[in-house]
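Listed below are the residues making up each chain.
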Amino acid sequence: MSLQDIKSKTKEELQEWLKEWGQPAYRGGQVFRWLHQVGVESFEEMTDLPRELRQGLAERCYIASAQVSRRQVSRLDGTVKYLFRLFDGEHVECVLMEYHHGVSICISTQVGCKMGCTFCATGKSGFSRNLTASEMLAQVQAAQKDSGKRVSNIVLMGMGEPLDNYDQVLRFLRLVSCGEGLNIGMRHISLSTCGLVDKIYQLEKERLQLTLSVSLHAPNDEIRSRTMPVNQKWNVEQLLAACRSYAGATGRRISFEYAMIRGVNDSDACARELAGRLEGMLCHVNLIPVNDVTGNQYRKSTVERQKRFVSILERKGIPATVRRTLGSDIDASCGQLRRRAEEGEAIHAVVRQK
Ligand code: SAH
Ligand code: SF4
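It should be emphasised that the depicted structure is a prediction, and the values quoted were computed from it without experimental measurement. In this convention, every chain numbers its residues from 1, walking through the sequence in written order. By the order in which they are written, chains take letters starting at A while ligands take numbers starting at 1. Whole-chain, interface and lining totals are the exception, using all residues; otherwise, since this is a predicted model, local features are given only for residues with pLDDT of at least 70 and side-chain atom pairs are given and counted only at 80 or more. With hydrogens and water set aside, each side-chain value is computed from the structure's full complement of heavy atoms.

Chemist: Before we go on, may I ask you to explain the nonpolar core in this structure?
Modeler: One finds I154, F172 and F256 to be the most contacted residues of the largest nonpolar core, which totals 104 residues. When residues no more than four places from it in sequence are discounted, the contact partners of I154 are I105, I107, V140, F172, V176, I184, H188, I189 and S190. In these notes, a set of buried Ala, Val, Leu, Ile, Met, Phe, Trp, Tyr and Cys residues joined through side-chain atoms within 4.5 Å is what counts as a nonpolar core. With a 1.4 Å probe rolled over the protein chains alone, any residue whose accessible area is under 20% of its type maximum counts as buried; one over 50% counts as exposed, and the rest are partly exposed. The contact criterion used throughout is that any non-hydrogen atoms of two residues lie within 4.5 Å.

Structural data, given as structure tokens:
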């Protein structure tokens, strides 16, 4: 009999399941709080449960966890990048950032990614497997425990394509926002996608109050197809139609991610074309100077280019900002650490083991 993933169950599912064992309804809530609010790693720690129940649970279930395998701390701003080891020896990355409004965590949703974007370190390492909802939660819990900080915002922007792991990601969102769990509200959560159009329409129907980030990175198919293979399946027009529909239905502003790559997508003409295509949409453009991933030919746009791009967008009524880069001394963009670990390269950056 394979063990059950108890931390991926909702409170209601736990209640139902425990009822079948003849347990009273409140047991479900008790177990849920131990797993989510306290974050125990064994059933023995659930001290207000009868001994037989603890034993029964231990025989049938496992509690997903994430072990700190490496920790890098930025000397510049204190951003912490974790490499977590999962039960089967796979690794995922996660970044903890402190802003004036609270602590944000960037978590992974898959080990690797199938989408193959040419500028992305994760895309280059290929795909291994999906994460469970409980493994996404375990990243938040492990980072909180290790850092002693309380996470207030979550971005699903680490390794993997969240909408390619739709069911587990949705389950994670419901668990993490539950009042009896970590209680991080949807308005404090962002989900980033490279543009799986069918799933954007599906997500629209859930009417969640999260922020949808869309990795656009180009104003037209010619440029986008060069760096993002997904554009061959759903082109810019189809993607933007889905975004318009999503913003219209949910009333939530779409956040477009645009990695500025020198000489590829950062011309004045690109800015004008982008502004034209986004006209009238409830949106915001987040410009990110592309991160130089070892082994690719991409370079960041100059600061002058970035400013000029923003000013063209703004003149045409599209709100845009250049994102502040945190942790730039520790390669704090996901995919880079796992890749190095795989390549067997020693990591010499500031590693502070407790
Ligand atoms: N798969 C999802 C979420 C994970 S990637 C997505 O693609 O949206 C998170 C963000 O990092 C995306 O916007 C992605 O395009 C961006 N990204 C990946 N590699 C990058 C790089 N080298 N420089 C800047 N941004 C990068
Ligand atoms: Fe996957 Fe996102 Fe990287 Fe593209 S940018 S390869 S979708 S993780």
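Don't stop here, the text continues.
Chemist: Please explain the side chain of K7 as it appears in this structure.
Modeler: For the purposes of this entry, the term helix denotes a DSSP run of H or I that reaches at least four residues, the term strand denotes a run of E that reaches at least two, and both are numbered from the N terminus. By secondary structure assignment, the location of K7 is in the loop between β1 (4-5) and α1 (11-19). Buried charge without a partner: K7 forms no salt bridge, and the closest opposite charge is E41, 6.7 Å away. Excluding anything up to four places from it in sequence, K7 contacts L35, H36, I63, A64, S134, L137, A138, Q141 and L175. We score Asp and Glu as negative and Lys and Arg as positive, and we do not count His or the chain ends. Salt bridges are defined as contacts in which a side-chain nitrogen from Lys or Arg sits within 4 Å of a carboxyl oxygen from Asp or Glu.

Chemist: When you look at the site of ligand 1 in this model, what are you seeing that I'm missing?
Modeler: Any residue with a non-hydrogen atom lying within 4 Å of a molecule or strand is treated as near it. The full set close to ligand 1 counts 16 residues, and F119, S192, S215, H217 and N291 are the nearest of them. Measuring from a nitrogen atom of ligand 1, one finds a side-chain N or O atom of E161 at 3.2 Å. Think of a polar contact as two N or O atoms within 3.5 Å of one another; within protein, one of them needs to be a possible hydrogen donor and the other a possible acceptor, and neighboring residues in sequence only count if both atoms come from side chains. H217 is positioned such that a nitrogen or oxygen atom in its side chain is 2.5 Å from an oxygen atom of ligand 1. Surface accessibility follows the Shrake-Rupley procedure with a 1.4 Å probe radius. Residue values consider only the protein chains on display as shielding. Computed on the free molecule, ligand 1 has an accessible area of 530 Å², of which 88% lies beneath the protein chains in the complex. Residues belonging to the shell around ligand 1 are distributed by class as follows: seven nonpolar, seven polar and two charged. In this count, Pro and Cys sit with the nonpolar residues alongside Ala, Val, Leu, Ile, Met, Phe, Trp and Tyr, while Asp, Glu, Lys and Arg are called charged and the others, Gly among them, polar.

Chemist: Would you mind showing me how to read the sheet that holds strand β11 (residues 211-215) here?
Modeler: Between any two strands, at least two bridges found by DSSP are needed for them to pair. The 10 strands lie next to each other as β3-β4-β5-β6-β9-β10-β11-β12-β13-β14, forming an open sheet whose pairing is mixed. Strands with a single pairing partner mark the edges of an open sheet, and in this sheet they are β3 (67-73) and β14 (320-322). Averaged over all neighbouring strand pairs, the angle between strand axes comes to 20°, with direction disregarded. Working convention: axes come from line fits to C-alpha atoms, limited for helices to the stretch in contact. Angles between N-to-C directions cover 0 to 180 degrees. Taken strand by strand, helix α9 (residues 236-250) contacts β11 and β12 (254-260), and its axis lies near 145° from that of β12.

Geometric descriptors of this kind do not, in isolation, establish any biological role.
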